Amino acid sequence: MNPTSNPPAVAPVAIKEAGPWRRFLGDFFASKLAVIGLVLLVIMIGSALLAPWIAPQNPYDIGTLDITDAKLPPGSSNMDDTMTYWLGTDGQARDVLSAILYGMRTSLMVGFVSVFFAFVIGASVGLAAAYFGGRLDALLMRIADIQLSFPSILVALILLSILGSGVDKVIISLIVVQWAYFARAARGAALVERGKEYVEAARCMSLGWGRILLRHLLPNCMPPLIVIATIDLAHAIALEATLSFLGVGVPVTQPSLGMLISNGFEYLLSGRYWISFFPGIALALTIIGINLVGDHLRDVLNPRNAL
């Protein structure tokens with residue numbers, strides 16, 4: 001072999017670019033606060049779903065309650081010494097830990113259901129307003145502006161005073177309160193996407209407006225809507241707790257965390273803090289977990305951060 005000859009060329013090794021989901025997961029789990037929030041959220045949702053199996057007591061089964069165990073402090077046992085109330089009992093002799101687990105089911109169910117339907121209605125209104133424009137856009141957005149001009153708690157109180165109390169009534173009230181946020185966000189994102197080439201190409205192919213909205217515009221408008229859905233979930237749970245605390249939310253027979261806090265409010269000054277304190281801690285941890293996840297999702301899904 002001639003020592004002066006050129007060495008053989010080495011073929012370049014192609015580096016496989018990470019997919020969008022892998023990049024998203026990598027960016028998300030790079031934040032310790034986001035991971036802490038996700039862990040908190042998973043624990044709260046898992047505890048609520050498994051409440052019938054992990055709760056020491058069914059707080060809604062009146063036959064299992066003994067009024068002599070009412071308002072016991074944390075760590076106390078019942079009269080038969082067969083059960084320990086780790087977080088104490090409330091005024092109805094219900095185990096506070098069990099009441100929290102069952103109450104969290106109601107709070108999370110109301111939050112998720114109301115945000116889902118508000119997402120569907122608001123996104124549909126926003127996409128239609130941006131796509132068709134003109135008078136329809138002006139009409140729909142003025143309705144959304146009027147909705148947003150009033151405080152959420154005021155609108156919910158007015159609706160509940162008309163509809164009455166009940167879980168379904170609370171869900172309807174929260175949907176009415178929240179849909180305008182999704183409508184505004186969907187319209188803003190759709191206005192940016194409407195002038196792009198793929199929408200013009202879909203129009204040139206004579207695709208129906210429904211297919212263009214659902215198959216083309218909506219997927220590209222999802223990032224800001226996902227962020228708003230996450231943040232609105234925390235807002236919906238907090239608003240439901242406020243309404244229940246005021247006595248106009250869910251009924252006593254199906255209490256949420258807000259109702260549990262309200263039940264113990266009258267005992268705070270008498271030293272029986274645990275009746276309201278522990279449900280309040282559970283509510284705060286749930287909202288903190290959702291907010292930590294939502295705040296980091298906003299950063300990860302922000303297109304400006306990808307530049």
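Scope of this entry: the structure provided in the associated data block. (Residues numbered from 1 in each chain as written. Predicted model: local features only at pLDDT ≥ 70, side-chain atom pairs only at ≥ 80, totals over all residues. Heavy atoms only, no water.)

**Re the overall build of the chain**
Here is step 1 of the chain: Helix and strand counts for the chain stand at 11 helices and two strands.
Here is step 2 of the chain: The secondary structure elements of the chain, listed N-terminal to C-terminal, are α-α-α-β-β-α-α-α-α-α-α-α-α.
Here is step 3 of the chain: For a compact globule of 307 residues, the expected C-alpha radius of gyration is about 19 Å, and the chain comes in at 26 Å, more than 25% above that figure.
Here is step 4 of the chain: Here the C-alpha coordinates of the chain stretch approximately 95 × 70 × 30 Å along the principal axes.
Here is step 5 of the chain: Per-residue burial for the chain yields a buried fraction of 43% across its 307 residues.
Here is step 6 of the chain: Taking all contacts inside the chain whose residues are at least 6 apart in sequence as the whole, residues at least 24 apart take part in 69%.
Here is step 7 of the chain: Surface summary for the chain: the accessible area is close to 16,800 Å², and the carbon and sulfur share equals 67%. (Helix = DSSP H or I, 4+ residues; strand = E, 2+ residues; numbered from the N terminus. Rg over C-alpha atoms; globule rule 2.2 N^0.38 Å. Buried < 20%, exposed > 50% of the residue type's maximum accessible area, 1.4 Å probe, protein only. Contact = heavy atoms within 4.5 Å. Areas by Shrake-Rupley, 256 points an atom, 1.4 Å probe, with all protein chains shown as cover.)

**A few points about the packing of aromatic side chains**
Aromatic ring pairs: the centre-centre distance and the angle between the two ring planes describe each pair.
Here is step 1 of the chain: Using the criterion set out here, one finds nine aromatic pairs in the structure.
Here is step 2 of the chain: Between Phe116 and Phe117, the aromatic rings sit 5.3 Å apart at their centres with planes inclined by 80°, giving edge-to-face as the arrangement.
Here is step 3 of the chain: Their ring planes at 75° and their centres at 5.3 Å tell us that Phe277 and Phe278 sit as a pair that is edge-to-face.
Here is step 4 of the chain: The exposure class of Phe277 is partly exposed, given its relative accessible area of 42%.
Here is step 5 of the chain: Through pairs of rings, three or more aromatic residues link up here, namely Tyr273, Trp274, Phe277 and Phe278. (Phe/Tyr/Trp six-rings, centres within 6.5 Å; stacked < 30°, edge-to-face > 60°.)

**Focus: the packing of helix 6 (residues 152–163) against helix 7 (residues 167–194)**
Here is step 1 of the chain: Running from N to C, helix 6 and helix 7 cross one another at 145°; their axes reach a closest spacing of 9 Å. Considering the relative orientation of helix 6 and helix 7, their crossing is right-handed. Here helix 6 contributes Ser152, Val155, Ala156, Leu159, Leu160 and Leu163 to the contact with helix 7, which in turn contributes Lys169, Val170, Ile172, Ser173, Val176, Val177 and Tyr181.
Here is step 2 of the chain: Looking at the contact of helix 6 with helix 7, its residues break down into 10 nonpolar, two polar and one charged. (Axes fitted to C-alpha atoms, helices over the stretch in contact; angles between N-to-C directions. Left-handed = near helix turned anticlockwise from the far one by under 90°. Nonpolar A, V, L, I, M, F, W, Y, C, P; charged D, E, K, R; others polar.)

**Side note on the pattern of salt bridges**
Here is step 1 of the chain: All told, the structure shown has six salt bridges when counted by the stated rule.
Here is step 2 of the chain: The salt bridge partner of Arg187 is Asp137, with a shortest N-O separation of 2.7 Å. One end of the pair, Arg187, is in helix 7; the other, Asp137, is in helix 5 (residues 134–148), with 50 residues separating them in the sequence.
Here is step 3 of the chain: On the basis of relative accessibility, which here comes to 19%, the residue Arg187 falls in the buried class.
Here is step 4 of the chain: On the basis of relative accessibility, which here comes to 12%, the residue Asp137 falls in the buried class. (Salt bridge = Lys/Arg side-chain N within 4 Å of Asp/Glu carboxyl O.)

Limitation: the analysis is restricted to geometry and does not speak to function.
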